Amino acid sequence: MNLLESIRLALVGITANKLRAFLTMLGIIIGVAAVITLISVGRGVEAVVINEFQGLGNNLLFVFPGDEDPTDPRPARSGGAGLTLSDAEALADPFRVPDLLGVVPSYDRPAIVSRGGQETRTTISGTNTQFPLVRNFYPALGDFFTEQDVASGSRVVVIGQSVYEELFELGEFPIGEDIRINNVNFRIIGLLEEKGGSGFNDQDDVVLVPISTAQQRLFPARRADGELRVDVIYAQVISEDRQDAAIIQMEAVLREEHNITFRDEDDFTILSQSELLGAFGEITGVLTIFLGVIAGISLLVGGIGIMNIMLVSVTERTREIGLRKAVGAKYRDILTQFLVEAVVIASVGGLIGLGLGAVGAAVISNLSPLLDAALDWNSVILAIGFSAGVGLFFGLYPATRAARLNPIDALRYE
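Thresholds, definitions, all that
- Residues numbered from 1 in each chain as written.
- Predicted model: local features only at pLDDT ≥ 70, side-chain atom pairs only at ≥ 80, totals over all residues.
- Heavy atoms only, no water.
- Helix = DSSP H or I, 4+ residues; strand = E, 2+ residues; numbered from the N terminus.
- Buried < 20%, exposed > 50% of the residue type's maximum accessible area, 1.4 Å probe, protein only.
- Contact = heavy atoms within 4.5 Å.
- Areas by Shrake-Rupley, 256 points an atom, 1.4 Å probe, with all protein chains shown as cover.
- Pairing = 2+ DSSP bridges.
- Salt bridge = Lys/Arg side-chain N within 4 Å of Asp/Glu carboxyl O.
- Axes fitted to C-alpha atoms, helices over the stretch in contact; angles between N-to-C directions.
- Parallel < 35°, antiparallel > 145°, perpendicular 65-115°, else oblique.
- Left-handed = near helix turned anticlockwise from the far one by under 90°.
- Nonpolar A, V, L, I, M, F, W, Y, C, P; charged D, E, K, R; others polar.
- Phe/Tyr/Trp six-rings, centres within 6.5 Å; stacked < 30°, edge-to-face > 60°.
- Lys NZ or Arg CZ within 6 Å of the ring centre and 35° of its normal.
- Core = buried A, V, L, I, M, F, W, Y, C linked by side-chain atoms within 4.5 Å.
- pLDDT = per-residue confidence, 0-100.

Peer 1: Outline the overall build of the protein chain, supporting the account with residue identities and numerical values.
Peer 2: Each helix and strand counted, the protein chain has 13 helices and 12 strands in total. Here the protein chain, with 414 residues, has 48% of them falling under the buried criterion. Within the protein chain, counting contacts between residues at least 6 apart in sequence, those at least 24 apart form 77% of the total. Counting only carbon and sulfur atoms, one obtains 58% of the accessible surface of the protein chain, whose full area is about 20,900 Å².

Peer 1: Requested: an account of the pairing of strand β12 (residues 268–272), with residues and values cited.
Peer 2: Counting buried positions along β12 gives 5 out of 5 residues, so the element sits mostly inside the fold. Burial along β12 is two-sided: the face carrying F268, I270 and S272 and the face carrying T269 and L271 are both buried. Sheet topology note: the strand β1 (residues 60–65)/β12 ladder contains 5 bridges and is antiparallel. Counted as the bridge partner of V63 is I270 from β12.

Peer 1: Let's hear about the pattern of salt bridges: which residues, and what values?
Peer 2: Inspection of every chain in the model, using the stated rule, returns 8 salt bridges. The partner of D99 in a salt bridge is R242, with the nearest N and O atoms 2.8 Å apart. Of this pair, D99 sits in the loop between α3 (85–91) and β3 (100–115) while R242 sits in the loop between β11 (232–237) and α8 (243–257), and the two are 143 residues apart along the sequence. By relative accessible area, R242 is classed as partly exposed at 34%. Note that R115 is salt-bridged to E177, the shortest N-O span being 3.5 Å.

Peer 1: Can you break down helix α7 (residues 211–218) residue by residue, with the values?
Peer 2: Burial of α7 is extensive: 6 of the 8 residues sit out of reach of the surface. Along α7, the residues classified as buried are I211, S212, T213, A214, Q215 and L218.

Peer 1: Got a sec to walk through the packing of helix α11 (residues 331–367) against helix α12 (residues 377–403)? Specific residues and values, please.
Peer 2: Packing of α11 against α12 brings their axes to within 7 Å, and their N-to-C directions diverge by 150 degrees. It follows from the interaxial angle that α11 and α12 lie roughly antiparallel. α12 is crossed by α11, and the crossing has right-handed handedness. On α12, the residues that touch Y331, I334, L335, F338, L339, A342, V343, A346, S347, G350, L351 and L354 of α11 are V380, I384, S387, A388, G391, L392, G395, L396, A399, T400, A402 and A403. In terms of residue class, the contact of α11 with α12 is built from 18 nonpolar, 6 polar and no charged.

Peer 1: Report on the environment of D149, specifying residues and quantitative values.
Peer 2: Mapped onto the elements of the fold, D149 is located in helix α5 (residues 147–152). In this structure D149 touches S154, V156, I189, P210 and S212, once residues within four positions along its chain are discounted.

Peer 1: If you had to explain the packing of aromatic side chains to someone new, which residues and values would you point to?
Peer 2: In this description, a pair of aromatic rings is defined by centroid distance and the angle of the planes. One pass over the full model with this rule turns up 7 aromatic pairs. Ring geometry for F62 against F64: centres 6.2 Å apart, planes inclined by 10 degrees, an arrangement best described as stacked. The same class applies to F62 as to F64, namely buried. Plain terms: the ring middles of F144 and F145 are 4.3 Å apart, the flat faces sit at 40 degrees to each other, and that makes the pair tilted. Classification of F145 by relative accessible area gives buried; the value is 3%. Taking the ring centre of Y234 as reference, the NZ or CZ of R135 above it sits at 4.6 Å.

Peer 1: Give me the nonpolar core: which residues, what numbers.
Peer 2: One finds L91, I159 and I181 to be the most contacted residues of the largest nonpolar core, which totals 65 residues. In terms of residue count, the dominant contributor to this core is β3 (6 residues). Ignoring anything within four residues of it in the chain, the contact list for L91 reads V63, V97, L100, V103, I233, M250, V253 and L254. Among the nonpolar cores identified, the runner-up in size contains 32 residues, and I306, V344, I345 and A383 belong to it.

Peer 1: Quick one: what's the story with the confidence of the model for the protein chain, residue by residue and with numbers?
Peer 2: Residue-level pLDDT values for the protein chain average 81, and 86% of them are 70 or greater. Low confidence marks residues 68–79, where pLDDT is under 50. Its contacts with residues over four positions away, or in another chain, come to 15 contacts.

Peer 1: Give a detailed account of unusual backbone geometry, specifying residues and quantitative values.
Peer 2: Glycine aside, the phi torsion of most residues is negative, and most peptide linkages are trans. Its identity as a non-glycine residue notwithstanding, N136 has a phi of 55 degrees, on the positive side. Among the secondary structure elements, N136 is positioned in the loop between α4 (131–135) and β5 (139–142). The backbone of N259 sits at a positive phi, close to 55 degrees, despite the residue not being glycine. Its location among the elements puts N259 in the loop between α8 and β12.

See below:
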């Protein structure tokens, strides 16, 4: 019997016992659908993370307080004194760090912002005038604050699109209007362009104020030594090929500012955009694999179901097997027939699961516009191939048992 004839007989057997065949396939269907859906969601999350980091700016370096990697769950080795406004000013000195195009300190705190009867909880970010250049984030309406605003601690703000949507009617002109931050009046001078982002980090859900205003009027930031603390410092390198040189220069300046001796460890961390992106990419990649492995367990359960049904089928068709052997069927013919039946059942279940997984990914994408759970063809090939492999593996024992039946004993079987 050739392979095509074995496939035809397997399909005839499936259609002859539709309910039993469907129940047998159910584990494979659920497993493949889960693999396709979860891996598609994982790829979508990874794409969101990449887009957000690319939207932060070009050739960025991030300076964090402490000696820990912000993507590393392990605690820091030492507390460190933190970052200050003086650190940012030292890094902005072109004579000390010539490879930096701009430096932006950031001091961020949550707060209630209100206007009339509307209010929203958002992030107040104190920063300087170089924010648009370094972060590639410009006002769509109005202007950004000036050096004079920073020097005098002016009560002016530039708001993000999400904050605008919460406080204003659609089409309402916000420039010149007043809002209240923690019950303090501020005048809107600019509306940022729409940047987008995920629910975890909506870049449009922000209110920018001069850093002096944030540190001295809204959220006092002065330390015991008189320095003004900041949370993170963004630095833009003049070109990508000067990134390593810029990091060396920045480390030297910060060690000098923090009075770190030769043998002592840094109390700060400098990371590049690509390092952060790579770290988060590894995290999302591991999560995607983890989700795929969990979903793959359903395939193994489905494989056990296939073995069970194939053993029942061998028992039911014992006389048929004996008759075929009596008329000349060889060991490999019986083995091939039952193996093909198991693989066909698993493959058909895999194709149905593929369709359901694609539908699931599309539904998730529609429910979350920011998350594009695109169908990943590598996962499709893996899921279908694995389902066929499951059928082959779990069908091997029943097929071998059928092929080894003694024709005389099989014909006598009642």
